[in-house]
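Residue strings, one per chain:
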Amino acid sequence: MPLIQVKLIEGVFDEAQKRTIVERLTDTMVDIEGENMRQVTWVLVEEVKSGHWAIGGQPLTTADVQALAAGVPAG
């Protein structure tokens, strides 16, 4: 029984987007394993507090991710 863990920085995705993430990841596992596995495929979405996630030793905030998604260069 697959368990898919997704960690996101808080405030980046709204509830509808998180539902879409869950649905599409489940569908992907079903595509791989077969429809019988849908009912036992778990998806766990965890949000990490803004600034509590770091890349290259630098904290990443909700605003940083939103800027990245908008195409604003880092730095």
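Refer to the structure printed above.
Residues numbered from 1 in each chain as written. Predicted model: local features only at pLDDT ≥ 70, side-chain atom pairs only at ≥ 80, totals over all residues. Heavy atoms only, no water.

Enquirer: What am I meant to see in the overall build of the protein here?
Expert: Regarding its fold elements, the protein presents two helices and four strands. Of the regular secondary structure in the protein, the N- to C-terminal order runs β-α-β-β-β-α. For the protein, whose C-alpha radius of gyration is 15 Å, the value lies well above the compact-globule estimate of 11 Å for 75 residues. Seen along its three principal axes, the alpha-carbon backbone of the protein occupies a region of about 45 × 20 × 20 Å. In the protein, which comprises 75 residues, the proportion classed as buried is 19%. Excluding contacts between residues fewer than 6 apart, the proportion of contacts in the protein whose partners are at least 24 apart in sequence is 66%. A total accessible area of about 5600 Å² is found for the protein, and carbon and sulfur atoms account for 56% of it. The average position of the 6 basic charges and that of the 11 acidic charges among the side chains of the protein differ by 3 Å. (Helix = DSSP H or I, 4+ residues; strand = E, 2+ residues; numbered from the N terminus. Rg over C-alpha atoms; globule rule 2.2 N^0.38 Å. Buried < 20%, exposed > 50% of the residue type's maximum accessible area, 1.4 Å probe, protein only. Contact = heavy atoms within 4.5 Å. Areas by Shrake-Rupley, 256 points an atom, 1.4 Å probe, with all protein chains shown as cover. Lys, Arg positive; Asp, Glu negative; His and termini not counted. Charge placed at Lys NZ, Arg CZ, Asp CG, Glu CD.)

Enquirer: What is the right way to read the pairing of strand β2 (residues 42–48) from this model?
Expert: As paired strands, strand β1 (residues 3–9) and β2 are joined by seven bridges and run parallel to one another. Bridge pairing in β2 places Gln5 opposite Leu44. (Pairing = 2+ DSSP bridges.)

Enquirer: Looking at this model, I keep getting lost on the pattern of salt bridges. Mind explaining?
Expert: Where side chains of opposite charge bring their charged atoms close, a pairing between them can arise. Under the definition given, this model contains five salt bridges. Here Lys18 makes a salt bridge to Glu15, at a shortest N to O gap of 2.9 Å. With Lys18 and Glu15 both in helix α1 (residues 15–33) and three residues apart, the pair spans about one turn of that helix. Given the relative accessible area of 51%, Glu15 is considered exposed. In this structure, Lys18 engages Glu47 in a salt bridge whose closest nitrogen and oxygen atoms are separated by 3.4 Å. Taken together, the positions of Lys18 in helix α1 and Glu47 in strand β2 put the pair 29 residues apart, joining distant regions of the chain. Look at Lys18 and you get buried, because its relative accessible area is 12%. Within the structure, one salt-bridge network assembled from shared partners comprises Glu15, Lys18 and Glu47. (Salt bridge = Lys/Arg side-chain N within 4 Å of Asp/Glu carboxyl O.)

Enquirer: Which parts of the structure should I look at to understand the environment of Glu10?
Expert: Secondary-structure assignment places Glu10 in the loop between β1 and α1. Among the residues examined, Glu10 registers a relative accessible area of 34% and is labelled partly exposed. Measuring from C-alpha to C-alpha, the distance between Glu10 and Leu25 comes to 19 Å, with 15 residues separating the pair along the chain. In contact with Glu10, other than residues within four places in its own chain, are Glu47, Val48, Lys49, Ser50 and Thr62. Separated by 3.1 Å, the side chain of Glu10 and the backbone nitrogen of Ser50 make a polar contact. (Polar contact = N/O pair within 3.5 Å; in protein donor to acceptor, adjacent residues only side chain to side chain.)

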